Amino acid sequence: LSQTHKDFLLLVQVAPTIVGSEIPSERSIQLKQEVTLECKVEGTPAPQILWLKDGRPLDLVSAPNLRLSQDGSSVHLTSVQPSDSGRYTCLARNVAGEDTKVYVLNILAPPVFESGSNVSETLSSVPGSQVTLECHASGSLPMQLMWLKDGSQLSSSRFLRISSGGASYGYPKYRSQMPAFTPV
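Note that the structure is a prediction, hence the values are computed from the model and not measured.

Trainee: With reference to specific residues and values, describe the nonpolar core.
Mentor: Counting residues in hydrophobic clusters, the biggest one holds 18 residues, and the most contacted among them are V35, L37, W51, L77, Y88 and L105. Those elements that provide at least two residues to this core are β3 (35-38), β8 (74-77), β9 (86-94) and β10 (97-108). Residues within four places of Y88 in sequence aside, it is in contact with L37, L52, K53, L58, L77, K101, V102, Y103 and L105.

So, in structure tokens, the structure goes:
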């Protein structure tokens, strides 16, 4: 009695899954700090991993502070700058499908005055005229700007007017003495 047989090799393909892909992750990082974005992936065959920033492939050449791990599963940023803010996407793909995980990275920058901190300016005016003091600051939003006179916070009145979201303070004609203002 003769017998014959045939062997079959069954390869089950499994679409990629990324741990925590269903939950977008938002990170707020202080300026010049470092952060690692991780993408733990499972799937058969082993998925390829691609990182995107704001929908475009991550540019490792023009970002010297950015390093990709050897297996591509994580991105490490050192000394982060405001330009590093954005939407980072880990895309894992194989023949069975794909999965993505999104990180939103916010770089927090402290307020900085364009003229520099602790820089005093002297303005002169004749009695009865109007004086406008302007203060330009940059930093992470939302930002609050307050005006102080002799250590006390100022608010709008018929003599004083705040405009442009608190960026400038007008001093109308009604008063004859110009107060000393300190932006904080």
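Trainee: For a nonpolar patch on the surface, give the residues involved together with the corresponding values.
Mentor: Together, L10, V12 and V14 give the surface a local cluster of nonpolar side chains, amounting to about 310 Å² of exposed area. Looking at the element boundaries, V12 is found in the segment before β1 (14-18). The exposure class assigned to V12 is exposed, which follows from its relative accessible area of 55%.

Trainee: I'd like a description of the packing of aromatic side chains, backed by residues and values.
Mentor: Summed over the entire model, instances satisfying the criterion amount to 1 aromatic pair. The ring of Y103 carries K101 above its face, with NZ or CZ at 5.1 Å from the centroid.

Trainee: Break down the sheet that holds strand β5 (residues 48-53) for me, with residues and values.
Mentor: Across the sheet, 5 strands lie side by side as β2-β10-β9-β5-β6; this open sheet has mixed pairing. Either end of the sheet is taken by a strand with one partner, and the two such strands are β2 (25-30) and β6 (56-57). Sheet topology note: the β5/β9 ladder contains 6 bridges and is antiparallel. Within the sheet, the bridge partner assigned to I49 lies in β9 and is A92.

Trainee: How would you sum up the environment of S79? Please name residues and give values.
Mentor: Inspection of the secondary structure assignment puts S79 in the loop between β8 and β9. S79 sits 44 residues away from V35 along the chain, and the two C-alpha atoms are 8.8 Å apart. When sequence neighbours within four positions are dropped, the list of residues in contact with S79 reads K32, Q33, N65 and D84.

Cut-offs used in this document
- Residues numbered from 1 in each chain as written.
- Predicted model: local features only at pLDDT ≥ 70, side-chain atom pairs only at ≥ 80, totals over all residues.
- Heavy atoms only, no water.
- Core = buried A, V, L, I, M, F, W, Y, C linked by side-chain atoms within 4.5 Å.
- Buried < 20%, exposed > 50% of the residue type's maximum accessible area, 1.4 Å probe, protein only.
- Helix = DSSP H or I, 4+ residues; strand = E, 2+ residues; numbered from the N terminus.
- Contact = heavy atoms within 4.5 Å.
- Patch = residues over 30% accessible without salt bridge, like charges linked within 9 Å, V, L, I, M, F, W, Y side chains within 5 Å.
- Areas by Shrake-Rupley, 256 points an atom, 1.4 Å probe, with all protein chains shown as cover.
- Salt bridge = Lys/Arg side-chain N within 4 Å of Asp/Glu carboxyl O.
- Phe/Tyr/Trp six-rings, centres within 6.5 Å; stacked < 30°, edge-to-face > 60°.
- Lys NZ or Arg CZ within 6 Å of the ring centre and 35° of its normal.
- Pairing = 2+ DSSP bridges.

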